[in-house]
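Notes for the structure review
Now for the letters of each chain:
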Amino acid sequence: GRRWYNFGVGLGALLRASAVERFPTKYAVGADGLIRRLRSAGTERYSAAVVVAPTLLALSGVVALVLQKRRAAVMAGRLALSSGCDTDGASSGWSDSDSSSEEG
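As the structure is a prediction and not an experimental result, all values here were calculated from the model.

**Examining the overall build of the protein**
Looking only at helices and strands, the protein features three helices and two strands. Ordered by position from the N terminus, the helices and strands of the protein form the series α-β-β-α-α. Looking at the protein as a whole, 7% of its 104 residues qualify as buried. Expressed as a percentage of contacts within the protein between residues at least 6 apart in sequence, the contacts between residues at least 24 apart total 26%. If you sum the accessible surface of the protein, you get close to 8,500 Å²; carbon and sulfur atoms cover 60% of it.

**Brief notes about helix α1 (residues 2–22)**
In an α-helix, one full turn covers 3.6 residues, which means residues spaced three or four apart are oriented alike. Between its first and last C-alpha atoms α1 spans 30 Å; for 21 residues at 1.5 Å apiece the expected length is 30 Å, and the two agree. Taken as a whole, α1 has its buried residues at L11, L15 and A19. The buried side chains of α1 occupy one side of the element, clustering within an arc of 70° when seen end-on. Residues of α1 that are exposed and point over 90 degrees away from its buried face: R2, R3, Y5 and E21.

**Remarks on the pattern of salt bridges**
Enumeration according to the criterion identifies one salt bridge in this entry. With its nearest N and O atoms 2.5 Å apart, the salt bridge here joins D32 to R36.

**Quick notes on the environment of L59**
Mapped onto the fold, L59 is located in helix α2 (residues 48–82). Judged by relative accessible area, L59 falls into the partly exposed class, the value being 23%. Ignoring any residue separated from it by four or fewer positions in sequence, one finds L59 in contact with F7 and L11.

**Considerations on the environment of L56**
Relative to the elements of secondary structure, L56 occurs in helix α2. For the pair L56 and L11, spaced 45 residues apart in sequence, the C-alpha to C-alpha distance is 9.3 Å. If sequence neighbours within four positions are ignored, L56 has contacts with L11 and L15.

**Quick look at the packing of aromatic side chains**
This structure, assessed with the given rule, holds two aromatic pairs. Here the aromatic rings of W4 and F7 are separated by 5.7 Å at their centres, their planes lie at 85°, and the arrangement is edge-to-face. Note that W4 and F7 are positioned in helix α1 at a spacing of three residues, about one turn of the helix. Geometrically, the ring pair formed by F23 and Y27 is edge-to-face, given 6.2 Å between the ring centres and 70° between the ring planes. When sorted by exposure, F23 lands in the same class as Y27, which is buried. In this structure, K26 is placed above the aromatic ring of F23, and the distance from its NZ or CZ to the ring centre is 6.0 Å.

Calculation criteria
Residues numbered from 1 in each chain as written. Predicted model: local features only at pLDDT ≥ 70, side-chain atom pairs only at ≥ 80, totals over all residues. Heavy atoms only, no water. Helix = DSSP H or I, 4+ residues; strand = E, 2+ residues; numbered from the N terminus. Buried < 20%, exposed > 50% of the residue type's maximum accessible area, 1.4 Å probe, protein only. Contact = heavy atoms within 4.5 Å. Areas by Shrake-Rupley, 256 points an atom, 1.4 Å probe, with all protein chains shown as cover. Expected span 1.5 Å × (residues − 1). Arc of directions from axis to C-beta. Salt bridge = Lys/Arg side-chain N within 4 Å of Asp/Glu carboxyl O. Phe/Tyr/Trp six-rings, centres within 6.5 Å; stacked < 30°, edge-to-face > 60°. Lys NZ or Arg CZ within 6 Å of the ring centre and 35° of its normal.

Next up, the structure:
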């Protein structure tokens with residue numbers, strides 16, 4: 001919960017800074033930290049979507065890759081546990097004490 005909130009706050013700050021940097025005559029950040037559209041804005045040929053959309057697309061790709069790698073790591077851990085292997089790959093099905101009790 002809290003990590004996602006902090007992630008969203010950081011992402012919002014990044015997008016706000018990108019918009020202000022790309023369109024300095026169109027947007028500004030107010031004293032309250034919110035982005036404001038300037039009234040005397042000149043005509044820009046590009047909309048904010050030209051900057052925001054690729055940024056969000058790239059960020060989504062990075063998040064998808066991270067999640068995919070985490071899921072693969074979790075699944076690999078589950079596979080190792082379900083196959084009865086220790087973390088070093090040795091079988092943990094029988095111990096030496098179990099083997100000796102069958103002989104006698």
